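Report on the structure
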Number of protein chains: 2
Amino acid sequence: MATISSHDADTCRRSDAALTRAFRLLGKRWSGVVLGSLNVGPAGFRELSRAIEGVSDSVLSERLSELTKAGLIARTVDAGPPVTVSYELTESGRALMPALDQISEWAREHLPQE
Amino acid sequence: MATISSHDADTCRRSDAALTRAFRLLGKRWSGVVLGSLNVGPAGFRELSRAIEGVSDSVLSERLSELTKAGLIARTVDAGPPVTVSYELTESGRALMPALDQISEWAREHLPQE
DNA sequence: CATACTTACTTCGAAAATCAAAGCGGCATG
DNA sequence: CATGCCGCTTTGATTTTCGAAGTAAGTATG
């Protein structure tokens, strides 16, 4: 007797496609922290590099590109002189902040310091 | 006039220590997705490996160890026979789920499919 | 008993991601 | 005009992840 098809017991739903998509971004080193840093307000490259202890310039640069491409942050160039660049959260990026805040709170309660 | 010390304008608060701690775990490939999969209920290694499309056995094994060590999931061995192993969220792990749900919802609204 | 299949991993070599350090062009300051 | 800041990029080493195969133990089939 044929069942409604489209899934066997085995293949059945276990991982959430949306979560998987989210973690294709967030599951990369520093993505989450970069977003959290920008939550405080817009910042320049050097400022972020100094603020986020441990990230290398090359990776920071890559993350900023990825997150910009994904529409979570925006890069703005103010043609000075001197020319300045600043990164800030877009609406999409800001929409993620409640979740990050919750993660932060969770870590305070459930992850040991250092 | 000496200020309260402990921070210059430059070094000043930008990245959240708790968030950084959280993403030392979550900012690794597959961590978030593994947790999300376990949200549905306990599962064995093979079941997870099948459910989470794209993860390799070696990485899954490593993530499960890390997350177990961090106290987010628990590994239980039922000495059969046949012996079976199952992984499930601890209370700490469950406490993170609201945040993951929010991320998933965010992705549904802000990240394109595929 | 032999063969095949399942679970729960581990091991291995290759490919990809990350790191730290140095370099570059532009602009400002002493 | 040397020195320093900014916003990156490049380079080469180290670490992570991948994908496939292997291991050990138990179950099922003939």
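Anyway, here's the lowdown on the structure attached to this text. Along each chain, residues carry numbers from 1 onward, in the same order as the chain's sequence is written. Labels follow written order: the first chain is A, the first ligand is 1, and so on. Selection of residues for local features in this predicted model requires a pLDDT of at least 70, selection of side-chain atom pairs for listing and counting requires 80 or more, and totals for whole chains, interfaces and linings are taken over all residues. Hydrogens are left out, water is left out, and the side-chain values use all remaining heavy atoms of the structure.

1. Let's talk about the side chain of Thr20(B)
Put simply, the rule is: We count a stretch as a helix when DSSP gives it H or I for four or more residues in a row; a strand needs E for two or more, and each element gets its number in order from the N terminus. Between N or O atoms, a polar contact is any pair within 3.5 Å; within protein, one atom must be a potential hydrogen donor and the other a potential acceptor, and residues adjacent in sequence are included only when both atoms are from side chains. For this analysis, residues touch if any pair of their heavy atoms sits within 4.5 Å.
With respect to the helices, strands and loops of the structure, Thr20(B) is situated in helix H1 (residues 17–26). Here Asp16(B) takes part through its backbone oxygen, which lies 2.9 Å from a polar atom of the side chain of Thr20(B). Contact partners of Thr20(B), with chain neighbours within four places excluded, come to Val33(A) and Ser15(B).

2. Notes on the nonpolar core
Condition: What we call a nonpolar core is a set of buried Ala, Val, Leu, Ile, Met, Phe, Trp, Tyr and Cys residues that are connected through their side-chain atoms within 4.5 Å. Relative accessibility decides the category of a residue: with a 1.4 Å probe and only protein chains considered, values under 20% of the type maximum give buried, values over 50% give exposed, and everything between is partly exposed.
Leu35(A), Ile103(A), Leu35(B) and Ile103(B) are the most contacted members of the largest nonpolar core, which has 60 residues in total. Those residues in contact with Leu35(A) that sit more than four places away from it in its chain are Leu26(A), Leu67(A), Leu72(A), Ile73(A), Leu89(A), Leu96(A), Met97(A) and Leu100(A).

3. Description of the protein's contact with DNA strand C
The test is simple: Near residues are defined by distance, with any heavy atom within 4 Å of the molecule or strand qualifying the residue. In the scheme used here, Gly and all other residues not listed as nonpolar or charged are polar, with Ala, Val, Leu, Ile, Met, Phe, Trp, Tyr, Cys and Pro taken as nonpolar and Asp, Glu, Lys and Arg as charged.
Close contacts around DNA strand C come from 20 residues, with Arg63(A), Asp57(B), Ser61(B), Arg75(B) and Tyr87(B) the closest. Counting only atoms of DNA strand C within 4 Å of the protein, the fraction found in sugar and phosphate groups is 68%. The separation between a phosphate oxygen of DNA strand C and a polar side-chain atom of Ser61(B) is 2.6 Å. One of the side-chain N or O atoms of Tyr87(B) is found 2.7 Å from a phosphate oxygen in DNA strand C. Listing elements by their share of the surface near DNA strand C, those giving two or more residues are helix H4 (57–69) of chain A together with helix H3 (45–51), helix H4 (57–69) and strand E2 (84–89) of chain B. The class makeup of the residues in the surface near DNA strand C is 7 nonpolar, 7 polar and 6 charged.

4. Digging into the interface of chain B and chain A
Cut-off, in case you're wondering: Buried area: the accessible area, evaluated with a 1.4 Å probe, that two parts lose upon being put together, summed over both parts. Salt bridges are defined as contacts in which a side-chain nitrogen from Lys or Arg sits within 4 Å of a carboxyl oxygen from Asp or Glu.
Contacts between the two partners involve 47 residues from chain B, matched on the other side by 48 residues from chain A. Both faces combined, the contact of chain B with chain A buries some 4400 Å², and carbon together with sulfur accounts for 61% of it. At the boundary of chain B with chain A, the tally comes to 0 salt bridges. In this assembly, chain B and chain A are joined by 8 residue pairs in polar contact (both at pLDDT 80 or more). Of all elements in the fold, only H1, helix H2 (31–39), H3 and helix H5 (91–110) of chain B reach the threshold of two or more residues within the side of chain B that touches chain A. Tallying contributions element by element places H5(B) first for the side of chain B that touches chain A, with 13 residues.

5. Here's the deal with the protein's contact with DNA strand D
Near DNA strand D, the surroundings consist of 19 residues, among which Asp57(A), Ser61(A), Arg75(A), Tyr87(A) and Arg63(B) are the closest. For DNA strand D, the fraction of protein-proximal atoms (within 4 Å) that sit in sugar or phosphate groups is 67%. Between DNA strand D and Phe45(A) there is a distance of 3.3 Å, counted from a phosphate oxygen to a backbone nitrogen or oxygen. A distance of 3.5 Å separates a phosphate oxygen of DNA strand D from a polar atom in the backbone of Arg29(B). Only helix H3 (45–51), H4 and strand E2 (84–89) of chain A together with H4 of chain B provide two or more residues apiece to the surface near DNA strand D. A class-by-class count of the residues in the surface near DNA strand D yields 7 nonpolar, 6 polar and 6 charged.

Read these as layout, nothing more, since geometry by itself doesn't imply function.
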